[in-house]
Amino acid sequence: MAMKKSFLGAQLMLAVLVLTFLPAPAQAADNYIEGLSIQLEDHPSKVRVGETFTMTVRVVNQSGQAIEALLRTYLYGYESEVTYPQPDFGNIVLLNEGGWYPNELSINLGENENRTFTFSLRVRSDVQLVSDSGALAKLRTRIRRVENDASINLAPPDNRYLMILPKAGPEGIVGVKFGVGVAVAAAIVYSVATIQKRNSKSTHRSAQR
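All of the points below concern the structure found in this document.

Rules of the game
Residues numbered from 1 in each chain as written. Predicted model: local features only at pLDDT ≥ 70, side-chain atom pairs only at ≥ 80, totals over all residues. Heavy atoms only, no water. Helix = DSSP H or I, 4+ residues; strand = E, 2+ residues; numbered from the N terminus. Buried < 20%, exposed > 50% of the residue type's maximum accessible area, 1.4 Å probe, protein only. Pairing = 2+ DSSP bridges. Axes fitted to C-alpha atoms, helices over the stretch in contact; angles between N-to-C directions. Phe/Tyr/Trp six-rings, centres within 6.5 Å; stacked < 30°, edge-to-face > 60°. Polar contact = N/O pair within 3.5 Å; in protein donor to acceptor, adjacent residues only side chain to side chain.

Following Tyr84, the chain continues into Pro85 via a peptide bond in cis, with omega recorded as 5°. If you trace the backbone, Pro85 turns up in the loop between β6 (82-84) and β7 (92-94). Its identity as a non-glycine residue notwithstanding, Asp42 has a phi of 55°, on the positive side. Within the element layout of this structure, Asp42 appears in the loop between β2 (36-41) and β3 (46-48). Classification of Asp42 by relative accessible area gives exposed; the value is 61%. Phi angles above zero are rare outside glycine, and Asn112 is one such case at about 55°.

Our focus in this paragraph is the sheet that holds strand β9 (residues 114-122). Ordered by their spatial adjacency, three strands build an open sheet running β2-β4-β9, and the pairing between neighbours is antiparallel. For this open sheet the edge positions go to β2 and β9, each flanked by a neighbour on one side alone. Across the sheet, the axes of successive neighbouring strands diverge by a mean angle of 25°, strand direction being ignored. Inspection of the sheet shows β2 paired to strand β4 (residues 52-61) by six bridges, in the antiparallel sense. In the sheet register, Gln39 faces β4, and the bridge partner there is Arg58.

Tallied over the full model, the rule gives three aromatic pairs. Ring plane angle 80° and centroid distance 5.3 Å describe the contact between Tyr74 and Trp100, whose orientation is recorded as edge-to-face. Note that Tyr74 is positioned in strand β5 (residues 67-78) and Trp100 in the loop between β7 and β8 (105-109), a separation of 26 residues in sequence. Since its relative accessible area comes to 4%, Tyr74 is described here as buried. Taken together through their ring pairs, the aromatic side chains of Tyr74, Tyr76, Tyr78 and Trp100 make up a single cluster.

Tracing the sequence through the fold places Arg72 in strand β5. When its relative accessible area of 6% is taken as the criterion, Arg72 is described as buried. One polar contact links the side chain of Arg72 to the main-chain carbonyl oxygen of Trp100, over a distance of 2.8 Å.

With respect to burial, β5 is a largely interior element, nine of its twelve residues being buried. With five bridges joining them, β5 and β8 adopt antiparallel strand pairing. What sits directly across from Glu68, in β8, is Asn108. Direction of pairing for β5 relative to strand β11 (residues 135-147): antiparallel, over a ladder of seven bridges. Along β11, the bridge assignment pairs Tyr74 with Arg140.

See below:
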């Protein structure tokens, strides 16, 4: 029994040491440049699981200096509204394919230059929602610079909310149902007409007798 307790104690100590020396998740620092801003535009209000959608990001540089940076967009939801995939950070669930940097591009803006950039994101096809009516998700854009292997955010992020809807049903299912309904209705009409015709013949023959 003593050896067992000693073994369990050693395991616990090892686990504590591992957790102590594991590196913490990397966090980006904020060092906003006055006069630099980013804004999401032309994005959809709804998108379905598995679909690809586009948006534009307007970068306004009124800082009086040239800007060289990295610009990206991504989409995430919350554990309370999404059952799969698992949260990537706290209760946040990343919903787009390609990770947190799916479409990051390098941009250069001259002094007091404003430009727009087009991005696309594909919603993961394996996303499962809590409700069939959809889930609220956040579309975000960020602009950053890497300095000494550290990520530095250069302007506040811009966010927009949109609805993630479940996948659409199989294509043609409505048409199939409609076609089946028409066929059934036609069969019923034909059967009624046949019965009525037979009854009419039977009545006519009875009258002749």
